[in-house]
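# Breakdown of the fold
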Amino acid sequence: AGCRDGVLLLTLSQERQKLFEIYDRIAMGGIGHPGDIERLRMLAIEVTSAEGFNRSALDVSLRRLVSYSLSPTLKAAFEQLYGAPYLARLLFAEMGRTGEGDLFIRVEYDGAFHTNGRPGHLLPYAVLSGNARAGAAMERYLAEHDPGGLSPDELYDLALDTWVVGHLTAQSSSDASPTRREIDAGREQCLASANVEAAFLDRHSRSSTTYLTVEGRPSSAIPRIEAGV
């Protein structure tokens, strides 16, 4: 999800890394077969690095990466008769420049992809889930809590609650949204068995590095938030 200071990606994991830096303002999360995620990650890095080198960093675009490289690769693998498709689903985030919205694109194993809206009307969030009901519940929860105006630390709490909402929905047969008490209990249970993995794309970074691995809370990774700068 995006907020005024940048874009936060968050998930829970036990061992495998799920969040990755791709290029400058672009990050990726993935679920599925670890080997396939790694191959697609390397493809994304190679394509963006080559374009940045041959043209310029400003020419690197998430829409172009997905439309002309990743989607055709996944689609070709899915449609071939004697090979295995990529068993992976990916979520990419591209932090917008000044005056632009943050772009999220979810890429499916068959090459189909979905953005978080259209230019000028982009939602400040996107989710990736292996369960359609869970994904819909997570999107509803984010829509109800308007992440765009939050601080990074507040966004961290919202993202963690949203993950728990998806987890609880996937385990339940009820269509009712989890209550606050259920979310708090589920959060405690999940954190007892898994670790939070989070990354932040810093909108106000003064260097070429915008991707920050978050250990703990975002304020611990971005000192100027504490300083109020």
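Owing to the predicted nature of the structure, the values given are computational and were not obtained by experimental measurement. (Residues numbered from 1 in each chain as written. Predicted model: local features only at pLDDT ≥ 70, side-chain atom pairs only at ≥ 80, totals over all residues. Heavy atoms only, no water.)

## Observations regarding the nonpolar core
- Counting residues in hydrophobic clusters, the biggest one holds 27 residues, and the most contacted among them are L8, L10, L12, L155, L158, A198 and F200.
- Counting only elements with at least two residues in this core, the list comes to β2 (6-13), α3 (132-145), α4 (152-171), α5 (180-193) and β10 (195-202).
- By residue number, the principal contributor to this core is α4, which donates eight residues.
- Non-local contacts of L12, meaning those with residues more than four positions away in its chain, are made with K18, L160, W163, C190, L191, A194, N195 and V196.
- Of all hydrophobic cores here, the second largest spans 23 residues; its members include L40, I45, V60 and L90. (Core = buried A, V, L, I, M, F, W, Y, C linked by side-chain atoms within 4.5 Å. Buried < 20%, exposed > 50% of the residue type's maximum accessible area, 1.4 Å probe, protein only. Helix = DSSP H or I, 4+ residues; strand = E, 2+ residues; numbered from the N terminus. Contact = heavy atoms within 4.5 Å.)

## Focus: the pattern of salt bridges
- The full count for this structure, using the stated rule, is 15 salt bridges.
- With a shortest N-O distance of 3.9 Å, R25 and E94 are connected by a salt bridge. Separated by 69 residues along the polypeptide, R25 in the loop between β3 (19-23) and β4 (26-32) and E94 in strand β5 (residues 88-94) bring together distant segments of the chain. As far as the burial class goes, R25 and E94 line up, both buried.
- A salt bridge links R89 to E108; its shortest N-O distance comes to 2.6 Å. (Salt bridge = Lys/Arg side-chain N within 4 Å of Asp/Glu carboxyl O.)

## A few points about the confidence of the model for the chain
- On average, the chain scores 90 in pLDDT, and the residues at 70 or more come to 96%.
- For residues 225-229, every residue scores under 50 in pLDDT, and the model assigns this stretch four contacts once sequence neighbours within four places are set aside. (pLDDT = per-residue confidence, 0-100.)

## Things to note about the pairing of β10
- Counting buried positions along β10 gives six out of eight residues, so the element sits mostly inside the fold.
- Alignment of β2 against β10, held across eight bridges, turns out to be antiparallel. Opposite G6, over in β10, you have D202 as the bridge partner.
- With four bridges connecting them, β10 and strand β11 (residues 211-214) associate as antiparallel partners. Paired with F200 across the strands is L212, a residue of β11. (Pairing = 2+ DSSP bridges.)

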